[in-house]
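Below, each chain spelled out in residue letters.
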Amino acid sequence: MPPVLVFDGGCVFCSAFAQLSELKSGIPDLQIMDGRSNHQLRHDLAAQGARLSQGAVLIDEHGQLFHGADAIQWLCQRMQPSDALLSALAPLKAEKRRAGLIYPWLLAARRLALMMRGLPLD
């Protein structure tokens, strides 16, 4: 099973990061799914404690869930980015402590972007 990144398609930051990750991260077979448009997937993830309102979800090739900062850390540890933005972000988030410090700021930016678009968090 290829790794799957589930993101909030209503958030412009999340969408841009997801698209860059899919196209230019260098992670073989990475699939990207918009959790906002897939209600059943969003419900299933929430039932497992991984609410998209609290961050992206990465499902690895073994079916293990990584949520929020852990999902971004998983991606950044494996990236071989060809994009300048991903190249700059990957080292910042590849280490668990740094990912945990940075991720709340990313969530705040997401909340602001959704609020400005008039979209709910979840």
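Residues numbered from 1 in each chain as written. Predicted model: local features only at pLDDT ≥ 70, side-chain atom pairs only at ≥ 80, totals over all residues. Heavy atoms only, no water.

Enquirer: Help me get a handle on the environment of H67, residues and values and all.
Expert: Along the chain, H67 turns up in strand β4 (residues 65-67). You can call H67 partly exposed: its relative accessible area is 22%. With 17 residues separating them along the chain, H67 and A50 place their C-alpha atoms 6.0 Å apart. When sequence neighbours within four positions are dropped, the list of residues in contact with H67 reads G49, A50, R51, Q54, G55, A56 and V57. There is a polar contact of 3.4 Å between the side chain of H67 and the backbone oxygen of G55. (Helix = DSSP H or I, 4+ residues; strand = E, 2+ residues; numbered from the N terminus. Buried < 20%, exposed > 50% of the residue type's maximum accessible area, 1.4 Å probe, protein only. Contact = heavy atoms within 4.5 Å. Polar contact = N/O pair within 3.5 Å; in protein donor to acceptor, adjacent residues only side chain to side chain.)

Enquirer: So what about unusual backbone geometry? Which residues, and what values?
Expert: At D29, a residue that is not glycine, the phi angle is positive and equals roughly 65°. With respect to the helices and strands, D29 occurs in the loop between α1 (12-24) and β2 (31-34). Take D29: its relative accessible area is 61%, and that puts it in the exposed class.

Enquirer: Please provide a residue-by-residue account of the side chain of S15, values included.
Expert: Considering the arrangement of structural elements, one finds S15 in helix α1. On the basis of relative accessible area, S15 is assigned to the buried category, the value being 15%. Looking at S15, its side chain comes within polar contact range of the main-chain oxygen of G9, at 3.3 Å. When neighbours within four sequence positions are excluded, S15 is seen to be in contact with F7, D8 and G9.

Enquirer: I'd like to hear about a nonpolar patch on the surface, residue by residue, with values.
Expert: A surface patch of nonpolar side chains, amounting to about 370 Å² of accessible area, comprises L112, M115 and M116. Position of M116 relative to the elements: it lies in helix α5 (residues 96-117). (Patch = residues over 30% accessible without salt bridge, like charges linked within 9 Å, V, L, I, M, F, W, Y side chains within 5 Å. Areas by Shrake-Rupley, 256 points an atom, 1.4 Å probe, with all protein chains shown as cover. Salt bridge = Lys/Arg side-chain N within 4 Å of Asp/Glu carboxyl O.)

Enquirer: Run through the packing of aromatic side chains, naming residues and quoting values.
Expert: One pass over the full model with this rule turns up one aromatic pair. Relative to W74, the ring of F66 lies with its centre 6.5 Å away and its plane at 40°, an arrangement referred to as tilted. Using a relative accessible area of 19% as the deciding quantity, one classes F66 as buried. Judged by relative accessible area, which is 5%, W74 ranks as buried. (Phe/Tyr/Trp six-rings, centres within 6.5 Å; stacked < 30°, edge-to-face > 60°.)

Enquirer: How would you summarise the pattern of salt bridges if you had to cite specific residues and measurements?
Expert: When charged atoms on two side chains of opposite charge get close, those side chains can pair. Across all of its chains, the model carries one salt bridge by this definition. The partner of R36 in a salt bridge is D8, with the nearest N and O atoms 2.5 Å apart. Highlighted residues: R36 in the loop between β2 and α2 (39-47) and D8 in the loop between β1 (4-7) and α1, separated in sequence by 28 residues. The class of R36 is buried, set by a relative accessible area of 17%.

Enquirer: Quick one: what's the story with the side chain of D8, residue by residue and with numbers?
Expert: For D8, a relative accessible area of 5% translates into the label buried. A distance of 2.8 Å separates the side chain of D8 from the backbone nitrogen of G10, its partner in a polar contact. In contact with D8, not counting residues within four places along its chain, are C14, S15, D34, R36, R110, L114 and L121.

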